[in-house]
Every structure is written in C-alpha cells, then in structure tokens.
Amino acid sequence: MEKITTTVIHEMKDRGERVVMVAAYDYPTARMVDEAGGDAVLVGDSLANVILGYKDTLAVSMDEMIHHTKAVARAVKRALVVGDMPFMSYQASAEDAIRNAGRFIKEGHAEAVKVEGCRGMIKKIRAIIQSGIPVMGHLGLTPQWVHQFGGFKVRGKTKSTAHAILEDARRLEHAGVFSLVLECIPWQLAKLITEKIEVPTIGIGAGPYCDGQVLVIHDLLGLTGPRVPKFVKRYTKLDDAVMKALSDFRREVKTGKFPKLEHSYEMPREEVRKLLSEFKRKR
Ligand code: KIV
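Quick caveat, the model's predicted, so the values are computed rather than measured. (Residues numbered from 1 in each chain as written. Predicted model: local features only at pLDDT ≥ 70, side-chain atom pairs only at ≥ 80, totals over all residues. Heavy atoms only, no water.)

### Thoughts on the environment of V146
By the element assignment, V146 lies in helix α7 (residues 146-149). Judged by its relative accessible area of 7%, V146 is buried. V146 sits 90 residues away from D56 along the chain, and the two C-alpha atoms are 8.8 Å apart. The contact partners of V146, leaving out residues within four places of it in the chain, are L58, G151 and F152. (Helix = DSSP H or I, 4+ residues; strand = E, 2+ residues; numbered from the N terminus. Buried < 20%, exposed > 50% of the residue type's maximum accessible area, 1.4 Å probe, protein only. Contact = heavy atoms within 4.5 Å.)

Put into structure tokens, the structure is as follows:
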C-alpha cells in the first residue's frame, strides 16, 4: 500500500493518473473512501451546510473543523488528509494562518490544508508553506467569497474574468501550492489552467479535463435530497434506501414486529426459575 503524500499527488499528474478526492467528515465515511482507493479525503468546510445545517460555509468554526478532522484522520490509512481552513481562520494575518493551519496538523492530524482565493492571500499561503505545511489552493466559485460574488454563480465565463483566474492559478503555483481545486468554472478554462500549470488541478464543476475530481460524499451517495447542482453525479440514491429503512423500523416498532426474541438476550432457564420463585416467595 503506497501512502499518498503531496509528492505522490504531484507524481500522479506527471504520469497522467487522475487524482480522486472526496469531501468527507466522519470516521465511517472516511474509512470507506480510504478503503475504496480514494487518493485524498478533504475535510471540507462544506461540513457547515452538509453536516451541521448552517446555510453556507461561513459560520463553521476552527473547533468544529478540528473535531471532524480528528475523526477522519483516525479512519484514514492510505489517502492524504486535507483540512479545509474555515472563513476568517487565515484572512486576517499570516500569524492567524500559520497558527490555524498548525492546529489542523497538530490537533486534527491532517497532512495538508486548503485555502480559498488568491488576491490578498499569497502572503498567508507562503507563510503556511514556509512553516512546513503543504497548501492546496482553491479558485473559481470559492464559497467563502459568496457575498463578494453576489451569490453562487459560475465564475470565469468572460475573457477577462477567465484571464484573471488563470493569472491567479499561476500566482498560486509560484507561491508553492501542491495542488489546486477549481470549482464551478467553464471546462475550457479549467482545461487551459490544467495545461498551463504544473500543479495538479482537482475539479468540481470544472469539466473532465482537470487532473483530478472531487465530490462531496453526501452528494455522490445521493444523501442530499432531490435538488443537486448540475455538476453532481449521484452514484447511488441512499436517500431512498434510508427513508425506507426508517419507515420500516417505525412501522415494526409501532406494530410490535420488532424486536423478536432472536434480537434479544436470554437468561438460562434455571436462573429464570430461581428468579421467579424468589419473587413468588416475597409476595
Ligand atoms: O468544502 C468543500 O467540500 C470543498 C470542496 C467542494 C472542494 O471545498
């Protein structure tokens, strides 16, 4: 079993092997991603909306991210564990960025961190890398910038905005990121970036020509209800299976069909006899 490191992720681009990354947030799903051969598990700040029920990713805290990163790291043996730096854990200063990236490594046992954006972030990204922590970049529709962008819309659809994203990708490459997530940009732009930089690109809603792909586990398992973004492919529909199991359980409990004696523990007959006779004596 080859342990996946940031170096291996780089080598995968060189040999034309696609990188498979899944955003997962807990022990059982991270274990399954790892055993299924996923190359990286991202403890995404999508934890906020997917697991914790916040309306977007802005509210999730460092402590919440670390709590889930620990669970994922305990489960994963082969894949690279990447902790996603939450909103305002790195934006204010290089010191904040180093301290919080350090928490992902020391407390969460992640092996790298992900940071959104480029402009205004380069100094912080360099500071994290110079303190020995690998950084994954993230460009395009970066959800922490939702208010700046005025909503969740595809980015880079015009020549000038596409050019700006390509320039940012180059800047992040020079800053030393080991890979780059491209989210919700036209496939032509993602293809161009993938060709122009040496760093492996990992797409989500960025078409088929990236060096790798990432999906959120609940999306790919069909656990997020009927409405999913265009870029999601559901490989199964666990929503339906889970709803059926829960309503079957409810019906069987209400009607006394579950549990049966086969689901129950048994006391040896002699012990039951003694217990009952003691009760009789006491009455
Ligand atoms: O938080 C997340 O899950 C992400 C991925 C969608 C790339 O950032």
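From this point, things continue past the structure.
### Side note on the side chain of H218
Locating H218 in the fold gives a position in helix α10 (residues 217-220). The class of H218 is buried, set by a relative accessible area of 15%. Those residues in contact with H218, other than ones at most four positions away along the chain, are Y25, V50, I51, L223 and T224.

### Side note on helix α8 (residues 159-175)
Helix length check: α8 (17 residues) gives 24 Å between terminal C-alpha atoms against 24 Å at 1.5 Å per residue, within 8%. Taken as a whole, α8 has its buried residues at A162, I165, L166, D168, A169, L172 and A175. Downstream of α8 by a residue or two, G176 has a phi angle that is positive, lying close to 110°. (Expected span 1.5 Å × (residues − 1).)

### A short note on the site of the ligand
Inspection of the region around the ligand gives A23, L42, G44, D45, S46, D84, K114, H138, V181, I204 and V216 as its neighbouring residues. In the environment of the ligand, an oxygen atom lies 3.0 Å from a nitrogen or oxygen atom belonging to the side chain of D45. Interatomic distance of 3.2 Å between a side-chain N/O atom of K114 and an oxygen atom of the ligand. When the free accessible area of the ligand is taken as 260 Å², the share hidden by the protein chains comes to 95%. Here the shell around the ligand is built from residues that sort into 5 nonpolar, 3 polar and 3 charged. (Near = heavy atom within 4 Å. Polar contact = N/O pair within 3.5 Å; in protein donor to acceptor, adjacent residues only side chain to side chain. Areas by Shrake-Rupley, 256 points an atom, 1.4 Å probe, with all protein chains shown as cover. Nonpolar A, V, L, I, M, F, W, Y, C, P; charged D, E, K, R; others polar.)

### Quick word on a negative patch on the surface
Together, E2, E11, D14 and E198 line one region of the surface with negative charge. Its place among the elements puts E11 in helix α1 (residues 6-14). (Patch = residues over 30% accessible without salt bridge, like charges linked within 9 Å, V, L, I, M, F, W, Y side chains within 5 Å. Salt bridge = Lys/Arg side-chain N within 4 Å of Asp/Glu carboxyl O. Lys, Arg positive; Asp, Glu negative; His and termini not counted. Charge placed at Lys NZ, Arg CZ, Asp CG, Glu CD.)

### Focus: the pattern of salt bridges
In total, this model carries 19 salt bridges according to the counting rule given. Note that K13 and D211 form a salt bridge whose closest N and O atoms lie 2.7 Å from each other. In this pair, K13 is assigned in helix α1 and D211 in the loop between β7 (201-204) and β8 (212-216), connecting sequence segments 198 residues apart. Grouping residues by exposure puts K13 and D211 together as buried.

### What to know about the packing of α8 against helix α9 (residues 187-196)
At their nearest, the axes of α8 and α9 sit 10 Å apart, and the two run at 30° to each other. Taken as axis vectors, α8 and α9 run roughly parallel relative to one another. In the packing of α8 onto α9, the handedness of the crossing is right-handed. In contact with A162, I165, L166, A169, R170 and E173 of α8, α9 contributes L189, L192, I193 and K196. Its residues assigned to classes, the contact of α8 with α9 comprises 7 nonpolar, no polar and 3 charged. (Axes fitted to C-alpha atoms, helices over the stretch in contact; angles between N-to-C directions. Parallel < 35°, antiparallel > 145°, perpendicular 65-115°, else oblique. Left-handed = near helix turned anticlockwise from the far one by under 90°.)

### Some thoughts on the nonpolar core
Counting 73 residues, the largest nonpolar core has I128, L180, L182 and I193 as its most contacted members. The element contributing the most residues to this core is α8, with 6 residues. Setting aside anything within four residues of it in sequence, one finds I128 in contact with M85, A97, I98, A101, V113, V115, I133 and V135. (Core = buried A, V, L, I, M, F, W, Y, C linked by side-chain atoms within 4.5 Å.)

### Some points on the packing of aromatic side chains
This structure, assessed with the given rule, holds 3 aromatic pairs. For the pair F249 and F258, a centre-to-centre distance of 6.0 Å together with 65° between the ring planes defines the contact as edge-to-face. Note on F249: relative accessible area 47%, which makes it partly exposed. Residue F258 is classed as partly exposed on the basis of its relative accessible area of 32%. Of note, R155 hangs over the ring of F149, and the distance from its end group to the ring centre comes to 3.6 Å. (Phe/Tyr/Trp six-rings, centres within 6.5 Å; stacked < 30°, edge-to-face > 60°. Lys NZ or Arg CZ within 6 Å of the ring centre and 35° of its normal.)

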